[in-house]
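Examining the three-dimensional arrangement
Each chain, written out:
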Amino acid sequence: MQTDDLIALLATDTRPGRAVWPGALFAALCPILVTGSVFLMVLGVRPDLTSAITSPVTVWKWLLPFVLALSGMSLALALSRPESRPRKTWVVIAVVATLAAGLFATSALMQPSAQWIAAIEGKTLVLCVTSITGIGLSGLLGGLVILRRGATTRPGLSGFALGLGSGAAATLLYAMHCGSNEPMFFVTWYGSSILAVGLIGAISGRKVLRM
Amino acid sequence: MSENRDYWGDLLRAANRGDAAAYARFLAALAPVLRGIVRARAGGIDSGLREDVVQEVLLTIHLKRHTWAEDRPVRPWVYAIARFKIIDALRRNGRDTTLPVDDFADILPAEADADPFQQRDTDRMLDQLDDRSRNILCAVAYEGVKLADLGRRFGLSQGTARVALHRALGKLAALRRKDQ
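Residues numbered from 1 in each chain as written. Chains lettered and ligands numbered in written order. Predicted model: local features only at pLDDT ≥ 70, side-chain atom pairs only at ≥ 80, totals over all residues.

1. Section: the environment of B:Asp10
Residues and elements named next belong to chain B.
- If you trace the backbone, Asp-10 turns up in helix α1 (residues 7-16).
- On the basis of neighbour counts, which here come to 15 C-beta atoms within 10 Å, the residue Asp-10 falls in the partly exposed class.
- Sequence separation of Asp-10 and Tyr-23 is 13 residues, and the distance between their C-alpha atoms is 9.8 Å. (Helix = DSSP H or I, 4+ residues; strand = E, 2+ residues; numbered from the N terminus. Buried ≥ 20, exposed ≤ 12 C-beta atoms within 10 Å, placed from the backbone.)

2. Let's talk about the domain arrangement of chain B
Residues and elements named next belong to chain B.
- The domain architecture assigned to chain B consists of domain 1 (1-115) and domain 2 (118-180).
- Contact with domain 1, which involves 11 residues of that partner, is made by 10 residues of domain 2.
- Of all the elements in the fold, those that place two or more residues in the side of domain 1 that touches domain 2 are α3 (47-63) and α4 (74-96).
- Looking at the side of domain 1 that touches domain 2, the element that brings in the most residues is α3, giving nine residues.
- Class assignment for the residues of the side of domain 1 that touches domain 2 results in two nonpolar, five polar and four charged. (Domains from an automatic or database assignment. Contact = placed C-beta atoms within 7 Å. Nonpolar A, V, L, I, M, F, W, Y, C, P; charged D, E, K, R; others polar.)

3. Topic: helix α5 (residues 120-128) of chain B
- Those residues of α5(B) not exposed but buried are B:Asp121, B:Thr122 and B:Met125. All buried residues of α5(B) lie within an arc of 95 degrees about the axis, which places them on one face of the element. Every exposed residue of α5(B) that faces more than 90 degrees away from the buried side is listed here: B:Arg120, B:Asp123 and B:Asp127.
- Looking at the packing, one finds that the buried side of α5(B) touches α1 (3-12) of chain A together with α3 and α8 (158-178) of chain B. (Arc of directions from axis to C-beta.)

4. Quick word on the interface of chain A and chain B
- Contacts between the two partners involve 28 residues from chain A and, on the opposite side, 41 residues from chain B.
- When grouped by side-chain class, the residues that make up the side of chain A that touches chain B number 12 nonpolar, eight polar and eight charged.

5. Notes on the environment of B:Leu49
Residue and element names in this part refer to chain B.
- Looking at the element boundaries, Leu-49 is found in helix α3.
- Residue Leu-49 is classed as partly exposed on the basis of its C-beta count, with 19 C-beta atoms lying within 10 Å.
- On a C-alpha basis, the gap between Leu-49 and Leu-90 in space is 9.3 Å, while along the polypeptide they are 41 residues apart.

6. Some thoughts on the environment of A:Leu9
- By the secondary structure assignment, A:Leu9 is in helix α1.
- Setting aside anything within four residues of it in sequence, one finds A:Leu9 in contact with B:Leu137, B:Val140 and B:Ala141.

7. Here we look at the nonpolar core
- Of all hydrophobic cores here, the largest spans 48 residues; its most connected members are B:Phe26, B:Leu27, B:Val57, B:Leu58, B:Val78, B:Ile81 and B:Leu165.
- For this core, the secondary structure elements donating two or more residues are α1 of chain A together with α1, α2 (20-41), α3, α4, α6 (131-143) and α8 of chain B.
- The greatest single-element share of this core, amounting to eight residues, is contributed by α4(B).
- Formed jointly, this core draws a minimum of three residues from each of two domains, domain 1 (1-115) and domain 2 (118-180) of chain B. (Core = buried A, V, L, I, M, F, W, Y, C linked by C-beta atoms within 7 Å.)

8. Here we look at the confidence of the model for chain B
- Averaged over all residues, the pLDDT of chain B is 82; the fraction at 70 or higher stands at 82%.
- Under the prediction, the complex receives an ipTM of 0.91, its pTM being 0.91. (pLDDT = per-residue confidence, 0-100.)

9. Observations regarding the packing of α3(B) against α5(B)
Residue and element names in this part refer to chain B.
- The geometry of α3 relative to α5 is characterised by a closest axis approach of 7 Å and an angle of 60 degrees between their N-to-C directions. The orientation of α3 with respect to α5, classified from their angle, is oblique. Residues Gly-48, Asp-52 and Gln-55 of α3 form the contact with α5, whose participating residues are Arg-120, Asp-121 and Thr-122.
- Within the contact of α3 with α5, the residues separate by chemical class into no nonpolar, three polar and three charged. (Axes fitted to C-alpha atoms, helices over the stretch in contact; angles between N-to-C directions. Parallel < 35°, antiparallel > 145°, perpendicular 65-115°, else oblique.)

Structure below.
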């Protein structure tokens, strides 16, 4: 086919492509809300939820994932435009990571080092990691389907951002069940789980988000 | 004309409002620029192959044109897609055609005009499409069938024909991605 014929062919196709925003956000958040709600209905909400959400230490269990969910999702949406360079959102994510590390370090300094291993291990490690990863993956999958409409020039990074956002949104819901008040525990395992969803997002993004 | 700062933007804005002629002019203005970029990046590969890359970029820009926001400059958007696709296509083609540029140093000037002749890739991909998609694309590209007549020709409503054409182009792009 000659290029002129191709141009005539393309100009005949007047059907516009479908937008990424806001579909991708709904496609990511709806599965998380559904799987997360089912999870909470089965395993229950922690009884002291209201006091935990207002306590200066445990409030971070929601505050940090909330900001990370927002920034991860908006980063993934921004990257679906090929020319965008969303540096500011990366700064926000770096601030979240720094605050999490600070929270971990503060808690470590406030207790004898002999307790550190036990503090990190906690009692619900396996449930924590599998739940956050599982709920987060449902959002990653939904979001990826719609994000394919976009035109990212960084498919791995787009998938990573969507994974971080989905993992963080899943953490918001999981934290309503999880009774741990120990930052060394929740920073480590919430963080690892979110990162795991992010990495799975990066790997699948490289495969499915290529233009 | 293409030096005019927002000439491309004006055309694409008109295209978004349904002006197919403006859209064809936009793509036609784009093609030589893309050809130049591809030649600068890969002067060593044969001009037919280079034209294949140009076509692949045009197809991608077409399928992703909704990702351009009208309030943003159009050139950075075009170049971002072009750069990504050209590097991608050359890397894939590079596997089959690892020919050092030095060997062609003497013949390079002769291929200054990369005038489009029959291109291999697009036709090879057309052969792999399902019958209906291929027939629709060939009718429009080779016989100049208009969208209004496309439905009648294939026994579809006009809306269905429009969707079928769009899907067929999407399938064509997917085949190119998978291939090579």
